[in-house]
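# Inside the fold
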Amino acid sequence: MTWYAVLVLLVGLERLAELVVSARNARWSLAHGGREYARGQLPPMIALHVALLVGCLLEAWLAGAFLPWLGYPMLVLLVVANALRWWCIGTLGRQWSVRVIVIPGAGAVRGGPYRWLRHPNYLAVGLDGIALPLVYAGWITAVAFTILNAVLLWGFRIPAEERALAQLHAHAVPDGA
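A brief structural summary. On a predicted model such as this, the values are computed, not experimentally measured, just so you know.

## Quick word on the pattern of salt bridges
As enumerated under the stated definition, the model contains 9 salt bridges in all. As a salt-bridge pair, glutamate 18 and arginine 15 come within 3.9 Å of each other at their nearest N and O atoms. With glutamate 18 and arginine 15 both in helix H1 (residues 2-31), this residue pair falls 3 residues apart, about one helical turn. Taking the relative accessible area as the measure of exposure, glutamate 18 reaches 7% and is therefore buried. When its relative accessible area of 12% is taken as the criterion, arginine 15 is described as buried. Here glutamate 36 and arginine 39 are joined by a salt bridge, their closest N and O atoms 3.4 Å apart. One network of salt bridges, in which partners are shared, links Glu14, Arg15, Glu18, Arg85 and Asp128.

Given below as structure tokens:
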């Protein structure tokens, strides 16, 4: 279990790195006329992600077992999910943030994984939330995170992003005007 605790710690450190990148990008976006939407959504999302890490450790400590037939594929899925997440971050560049900030005139990003999916970062988050607990057979944590994450994303976050983008485009000046 020690190696799994180290893995969860590394994922936690990776999340802290994301928050550092996000804070830097948010400052830049706001300094360039960005407008923030749905501020109240961030605390529940942070709490959910902290609970994921804690749940992984608790479930592994209380009842977990490494099942190679499950653990190894989930470890690969975890790596793939994090690679997708960082591909999204790199593609969005300074526009990426854990906050919903829209910069007037910036336009929608259509490169990288956004060529194929509207919200690839949330696919990465969902895969990550399933894979990390299941590396060590944490079924309860995987199911709980998946359900709560779906409620937050589909019930609140994605609609807020879509509304923010729609408002931005409603007030945009057409090219050549």
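## A word on the environment of cysteine 56
When you line up the elements, cysteine 56 lands in helix H2 (residues 42-62). For cysteine 56, a relative accessible area of 3% corresponds to the buried category. Sequence-wise, cysteine 56 and alanine 142 are 86 residues apart; in three dimensions their C-alpha atoms are separated by 8.4 Å. In this structure cysteine 56 touches Tyr4, Val8, Leu132, Pro133 and Thr141, once residues within four positions along its chain are discounted.

## What to know about H1
Look at H1: 44 Å from first C-alpha to last across 30 residues, which is about the 44 Å you get at 1.5 Å a residue. Glycine 33 sits one or two residues past H1 and shows a positive phi near 85°.

## Notes on the packing of aromatic side chains
The final tally for this structure, using the stated rule, is 7 aromatic pairs. Taken together, a centroid distance of 5.1 Å and an interplanar angle of 80° make the contact between phenylalanine 66 and tyrosine 72 edge-to-face. Between the aromatic rings of phenylalanine 66 and tyrosine 136, the centroid separation amounts to 6.5 Å while the plane-to-plane angle is 40°, which identifies the pairing as tilted. Within this pair, whereas phenylalanine 66 is found in the loop between H2 and helix H3 (68-92), its partner tyrosine 136 is found in the loop between helix H4 (120-135) and helix H5 (139-170), the two being separated by 70 residues in sequence. According to the relative accessible area criterion, phenylalanine 66 is partly exposed, its value standing at 24%. The class for tyrosine 136 is buried, based on a relative accessible area of 10%. The structure contains a cluster of three or more aromatic residues connected by ring pairs, namely Trp3, Tyr4, Phe66, Tyr72 and Tyr136.

## Here we look at the nonpolar core
It is characteristic of soluble globular proteins that their nonpolar side chains tend to be buried jointly. Ranked by internal contacts, the top residues of the largest apolar core, which has 23 residues, are Tyr4, Leu7, Val8, Cys56, Met74, Leu78 and Leu132. Formed by 9 residues, the second largest nonpolar core is a distinct cluster that contains Val21, Cys88, Leu92 and Trp96.

## Re unusual backbone geometry
Peptide bonds are, in most cases, trans, and in most cases residues other than glycine have a negative phi. A positive phi angle, near 55°, is found at alanine 38, a position not held by glycine. Note on placement: alanine 38 falls in the loop between strand S1 (35-37) and H2.

## With respect to the environment of alanine 131
With respect to the helices and strands, the residue alanine 131 is situated in helix H4. What makes alanine 131 buried here is its relative accessible area of 0%. Residues alanine 131 and alanine 142, 11 residues apart in the sequence, show an inter-C-alpha distance of 7.5 Å. Contact partners of alanine 131, with chain neighbours within four places excluded, come to Met74, Leu77 and Leu78.

Definitions and cut-offs
- Residues numbered from 1 in each chain as written.
- Predicted model: local features only at pLDDT ≥ 70, side-chain atom pairs only at ≥ 80, totals over all residues.
- Heavy atoms only, no water.
- Salt bridge = Lys/Arg side-chain N within 4 Å of Asp/Glu carboxyl O.
- Helix = DSSP H or I, 4+ residues; strand = E, 2+ residues; numbered from the N terminus.
- Buried < 20%, exposed > 50% of the residue type's maximum accessible area, 1.4 Å probe, protein only.
- Contact = heavy atoms within 4.5 Å.
- Expected span 1.5 Å × (residues − 1).
- Phe/Tyr/Trp six-rings, centres within 6.5 Å; stacked < 30°, edge-to-face > 60°.
- Core = buried A, V, L, I, M, F, W, Y, C linked by side-chain atoms within 4.5 Å.

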